[in-house]
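# Analysis of the macromolecular model
Below are the chains, spelled out letter by letter.
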Amino acid sequence: LDRGEFSMIKNQWYAILPSKAVKRDRIIGVKRLNMDLAVFRNGEGKVGCVTDQCTHRGAALSIGKVVGNCIQCPFHGLTFSVSGDCTSIPANGRASTENISRYNVRSWPIIEKNEIIYMWYGDAENATGEPPFFYDNMDSSWTYSELEDHWNSHYSRCIENQLDVVHLPFVHHNTIGRGNKTLVNGPRIEFVPSGFITSANNELDQGQTPRPAEECEIKETYLEFLFPNIWMNHINDKIKIMIFFAPVDEENTVLYIRFYDKLTGFRPIDGLVALLGKPANLAIERQDKRVVITQRPKASAYRSNEMLLSGDGPIIKYRSIRDQLKNNVSDKT
């Protein structure tokens, strides 16, 4: 049997939620990276992420409320800051001088950029200042629409599906894979900071021998993946599809899929175009989902019993880098 790799890459910024999911003075309970979390936005608009369990009697903080800049337990009113520090215990009275730090809840560093909430998974002192995003390709001139879907699949499988050029003429035979281009040349892979890019060089099979990766090119339409969990399909310089794969647990992932465009440069019209692109994204995504959720084991593994093809090069590279990052080894190849 394959050795499922369920553990996460540590010391990474994981995109876990869109900013719009967490309203001011509101709390949501979510499961991410196999942990139950309470994510809230305080009165100053700052986002906090803490364990969804009060240290006092174990109640879920996510069903509490935001009081000022803190989250308040619904059971006995203990309050906690965005950094997890216990700031008050009503039962002790305002005049209490007790050191209440032992009631602190675990928290995770949060950065909110690109209308995405990123959570640092690892040692807080190692948190870097910049979460992964496609900064060289995106700015405020782009508009987007977004859809959300839950897959009963490990996030590694979901990511690999978006790096898979072999499946296009079969899974997407009537959409993006039209043309029956079953023969896979390469594909070529090139490294970028924190990830890599690749593109499909598929052709009709007329009896020719597939070209090796070094004879292939990165086309105008290409795929880019940045560790640990964001991906973009660069359709052209006016349209891009972006996904962040929020890991829920060992068998579930939430995909947040964005259709970005700046076709006209006039935001109201571009916003309408983005909305019109949403159904197409959904149709293609559902074609993928139907198959990916059937894969076994749920998580992929660098060392497995799967008999991979040369056309699976991007998937092999993803598994290799992920395995090395998990073991704190840099990929120098």
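Since this is a predicted model, take the numbers as computed values, not measurements.

## Focus on the sheet that holds strand β9 (residues 110–113)
Strands belonging to one sheet form pairs held by backbone hydrogen bonds; the direction of such a pair is parallel or antiparallel. Strand order in the open sheet formed by three strands is β1-β10-β9, with antiparallel pairing between adjacent strands. In this open sheet, the two strands that pair with only one neighbour each are β1 (12–18) and β9. Direction aside, the axes of adjacent strands within the sheet are offset by 30° on average. Relative to strand β10 (residues 116–121), β1 is paired through six bridges, and the arrangement is antiparallel. Of the residues in β10, the one forming a bridge with Leu17 is Ile117.

## Thoughts on the nonpolar core
Judged by nonpolar contacts, the single largest core of 60 residues is most densely connected at Met119 and Met242. Among the elements that line this core, the one with the most residues is strand β18 (residues 239–249), at eight residues. When neighbours within four sequence positions are excluded, Met119 is seen to be in contact with Gln12, Trp13, Tyr14, Ile16, Leu33, Met35, Leu37, Cys49, Trp108, Pro109 and Ile110. Residues Ile27, Ala38, Leu61 and Cys73 belong to the second largest nonpolar core, which totals 18 residues.

## A short note on the pairing of strand β2 (residues 26–32)
For β2 and strand β3 (residues 35–41), the ladder comprises seven bridges, and the chain directions are antiparallel. If you follow Ile27 over to β3, its bridge partner there is Phe40. Linking two consecutive strands that pair antiparallel, namely β2 and β3, is a turn of two residues; a positive phi of about 55° is found at Leu33 within it.

## What about the environment of Glu115?
Relative to the helices and strands, Glu115 is located in the loop between β9 and β10. Glu115 sits 98 residues away from Leu17 along the chain, and the two C-alpha atoms are 9.0 Å apart. Leave out the neighbours within four places in its chain, and Glu115 touches Pro18, Ser19, Tyr144 and Arg258. Separated by 2.7 Å, the side chains of Glu115 and Tyr144 make a polar contact.

## Let's talk about the pairing of β18
Buried residues dominate β18, accounting for 10 of its 11 residues. As defined by bridge partners, strand β17 (residues 230–234) adjoins β18 across five bridges and the pair is classed as antiparallel. Each residue of the ladder has a partner; that of Met232, found in β18, is Met242. Where β17 hands over to β18, the hairpin turn is made up of four residues, counted between the paired strands. By the bridge criterion, 10 bridges tie β18 to strand β19 (residues 252–261) in an arrangement that is antiparallel. Paired with Asp249 across the two strands is Asn252, which belongs to β19. Between β18 and β19, which pair antiparallel one after the other, the connecting turn spans two residues.

## Some points on unusual backbone geometry
With the exception of glycine, most residues fall at negative phi, and the peptide bonds are largely trans. Of note, the amide linkage connecting Phe227 to Pro228 takes the cis form, showing an omega dihedral of 5°. Inspection of the secondary structure assignment puts Pro228 in the loop between β16 (222–226) and β17. For Asp25, which is not glycine, the phi torsion reads 60° and is therefore positive. Its location among the elements puts Asp25 in the loop between β1 and β2.

## Quick word on the packing of aromatic side chains
The tally for this structure, following the rule as stated, stands at 10 aromatic pairs. Ring centres of Phe244 and Tyr256 lie 4.8 Å apart, and the angle between their planes is 20°; on these two criteria the pair is classed as stacked. Of this pair, Phe244 sits in strand β18 while Tyr256 sits in strand β19, placing them 12 residues apart in sequence. When its relative accessible area of 0% is taken as the criterion, Phe244 is described as buried. Here a set of aromatic residues connected by ring pairs shows up, and it is made of Phe196, Phe225, Phe227 and Tyr318.

## A short note on the sheet that holds β16
Spatial strand order, β11-β19-β18-β17-β16-β14-β13: seven strands in an open sheet with antiparallel pairing. Looking at which strands have only one partner, the edges of the open sheet turn out to be β11 (143–151) and β13 (189–192). Taken over all neighbouring pairs, the strand axes of this sheet differ in orientation by 20° on average, direction set aside.

## Description of a nonpolar patch on the surface
A cluster of nonpolar side chains, contributed by Leu272, Leu275 and Leu276, occupies part of the molecular surface with about 330 Å² of accessible area. Summarising the element assignment, Leu275 is placed in helix α3 (residues 267–292).

## A look at the environment of Asn161
By secondary structure assignment, the location of Asn161 is in helix α1 (residues 155–162). Taking the C-alpha atoms as reference, Asn161 lies 12 Å from Arg319; in sequence the two are 158 residues apart.

## A closer look at helix α4 (residues 313–326)
Look at α4: 20 Å from first C-alpha to last across 14 residues, which is about the 20 Å you get at 1.5 Å a residue. The buried fraction of α4 is high, at 11 of 14 residues. Taken residue by residue, α4 has Gly313, Pro314, Ile315, Lys317, Tyr318, Arg319, Ser320, Ile321, Arg322, Asp323 and Gln324 as its buried positions. Where α4 ends, the next residue or the one after it, Asn328, has phi of about 60°, a positive value.

Definitions and cut-offs
Residues numbered from 1 in each chain as written. Predicted model: local features only at pLDDT ≥ 70, side-chain atom pairs only at ≥ 80, totals over all residues. Heavy atoms only, no water. Pairing = 2+ DSSP bridges. Helix = DSSP H or I, 4+ residues; strand = E, 2+ residues; numbered from the N terminus. Axes fitted to C-alpha atoms, helices over the stretch in contact; angles between N-to-C directions. Core = buried A, V, L, I, M, F, W, Y, C linked by side-chain atoms within 4.5 Å. Buried < 20%, exposed > 50% of the residue type's maximum accessible area, 1.4 Å probe, protein only. Contact = heavy atoms within 4.5 Å. Polar contact = N/O pair within 3.5 Å; in protein donor to acceptor, adjacent residues only side chain to side chain. Phe/Tyr/Trp six-rings, centres within 6.5 Å; stacked < 30°, edge-to-face > 60°. Patch = residues over 30% accessible without salt bridge, like charges linked within 9 Å, V, L, I, M, F, W, Y side chains within 5 Å. Areas by Shrake-Rupley, 256 points an atom, 1.4 Å probe, with all protein chains shown as cover. Salt bridge = Lys/Arg side-chain N within 4 Å of Asp/Glu carboxyl O. Expected span 1.5 Å × (residues − 1).

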